[in-house]
Structures are given as C-alpha cells and as structure tokens.
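Structure assessment
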Amino acid sequence: MRRTLAALLLISGAFVLPTAQVSAEPPQISPPSSFEVVIPFPDVCAFRMTAVVRGRTLAITFLDASGNAVRGFAGGQLFVTWTRDDTAFSRTFAISGPTFFDASGVAVLGTGRWTTPMVDAGWVLAAGHLTFDGTQDGFALISTMNGHAVSLCDLMG
C-alpha cells in the first residue's frame, strides 16, 4: 500500500512540477479564398484533356519562436472537372485533400481524395493516406499510399 501511495505521489508530482514552456509565434492563417483555374493536359492520357479546378481553400503555416515556418496545412472545398477535349465528356470530383507541408512549403502528406500523378501509375483519382515525394510537372507526386487509386485515363476513357 505504501509503495502504491508513493508511486501515485511521484506520478502526480510530475504533472504539477513546472515545465519549460515551448514558445512559438502564432500561426499565419490565410483566410479562405475562392478561385478557379483552367489547366490544359495535352499528354496525361492518349487523348487531350482540360481540368477546371475550383474551390475555396484555407492555409495555415505554423511557426517556431523565431518566426520560421516549421510545417503547414491547406484544406477546404476543392473540386476538379476533367473534360476530354475530343468528346466533351466530363466528370467532376471532390478533391479537397487536405495537404500537409514541410518547413520549406513542399507537400509531403495528403489525405482524402486527390487527382494527381502517382509513381509508376500516371495520373490517378486517389483516396486515402498519401505520401508525396517531389513533384511531376508541378503537381504533388504520390510515392506511397494506404488507400485506393484508379487511373484517371480509365475513368475518362
């Protein structure tokens, strides 16, 4: 009983001892902003396509005590409409992510739904937990994932 009481006092004391404060600057929050962008994709598939990306996104950059970025986050409402240029067939997908960035602003993780290139697979509609390793033509490149991916060309074929 004494050992139990002594252990409980020791453990509870650890919670009330003063600890060193970790300080950081407040995060930089970019208020949600709406946008629409048209992107031609002449060689993603055997046929030309155009993507119209529209949405309203929020970005947060977390800073250390010196004001240096340590990581970031972007998310919100995001949709892409892919249209085949030859047939006008189109499909719209919700692709809101979110995206998690490293200190230099490079996308390193994504969750949710995405249309983006994947190593050894080309462009895909992916859903799950995605790890990015660089970019392909300016778009986050999926290197590994825990989830499901379908070829965008198959979906649009």
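Just above sits the structure.
Our subject in this report is the structure included herewith. These figures come from a predicted structure and were not determined experimentally.

Working definition: the covalent bond between the sulfur atoms of two cysteines is a disulfide. Inspection of every chain in the model, using the stated rule, returns one disulfide. Paired through a disulfide, cysteine 45 and cysteine 153 show a sulfur-sulfur distance of 1.9 Å. The disulfide joining cysteine 45 to cysteine 153 has a torsion of about -95 degrees about its S-S bond and is therefore left-handed. Of the two residues, cysteine 45 sits in the loop between strand S1 (28-41) and strand S2 (49-63) while cysteine 153 sits in helix H2 (residues 152-156), which places them 108 residues apart along the sequence. Residue class for cysteine 45 comes out buried when judged on its relative accessible area of 12%.

The next thing to look at is the nonpolar core. Membership of the largest hydrophobic core comes to 16 residues, with the highest contact counts inside it found for Met49, Val80, Trp82, Phe93 and Leu152. Of all the secondary structure elements, the ones that give two or more residues to this core are S2, strand S3 (69-84), strand S7 (122-136) and H2. When neighbours within four sequence positions are excluded, phenylalanine 93 is seen to be in contact with Leu78, Phe79, Val80, Trp82, Arg113, Thr115, Leu125, Leu152 and Leu155. Within the second largest apolar cluster, nine residues are counted, among which are Ala126, Leu130, Phe132 and Ala140.

Summed over all chains, the structure comprises seven aromatic pairs. Taken together, a centroid distance of 5.6 Å and an interplanar angle of 55 degrees make the contact between phenylalanine 73 and phenylalanine 100 tilted. With phenylalanine 73 in strand S3 and phenylalanine 100 in strand S5 (residues 99-101), this pair connects stretches of sequence that are 27 residues apart. Judged by centre distance (5.1 Å) and plane angle (75 degrees), the rings of tryptophan 123 and phenylalanine 139 are edge-to-face. Residue tryptophan 123 is located in strand S7, and its partner phenylalanine 139 is located in strand S8 (residues 139-151); the two are separated by 16 residues in the primary sequence. Tryptophan 123 gets classed as buried once you look at its relative accessible area, which sits at 8%. Cluster of aromatic residues (ring-pair linked, three or more members): Phe41, Trp82, Trp123 and Phe139. Between arginine 71 and the ring centre of phenylalanine 62, over which it is positioned, the NZ or CZ distance is 4.8 Å. The cationic tip of arginine 84 hangs over the ring face of phenylalanine 47; the distance from NZ or CZ to the ring centre is 3.7 Å.

Here the focus is the pattern of salt bridges. Any two side chains of opposite charge can pair, so long as their charged atoms come close to each other. If you walk through the whole model with that rule in mind, you get two salt bridges. For glutamate 36, the salt bridge goes to arginine 54, with nearest N and O atoms at 3.4 Å. Placement of glutamate 36 in strand S1 and of arginine 54 in strand S2 is noted, with a sequence separation of 18 residues between them. On the basis of relative accessibility, which here comes to 30%, the residue arginine 54 falls in the partly exposed class.

What counts and what doesn't
- Residues numbered from 1 in each chain as written.
- Predicted model: local features only at pLDDT ≥ 70, side-chain atom pairs only at ≥ 80, totals over all residues.
- Heavy atoms only, no water.
- Disulfide = S-S within 2.5 Å.
- Helix = DSSP H or I, 4+ residues; strand = E, 2+ residues; numbered from the N terminus.
- Buried < 20%, exposed > 50% of the residue type's maximum accessible area, 1.4 Å probe, protein only.
- Core = buried A, V, L, I, M, F, W, Y, C linked by side-chain atoms within 4.5 Å.
- Contact = heavy atoms within 4.5 Å.
- Phe/Tyr/Trp six-rings, centres within 6.5 Å; stacked < 30°, edge-to-face > 60°.
- Lys NZ or Arg CZ within 6 Å of the ring centre and 35° of its normal.
- Salt bridge = Lys/Arg side-chain N within 4 Å of Asp/Glu carboxyl O.

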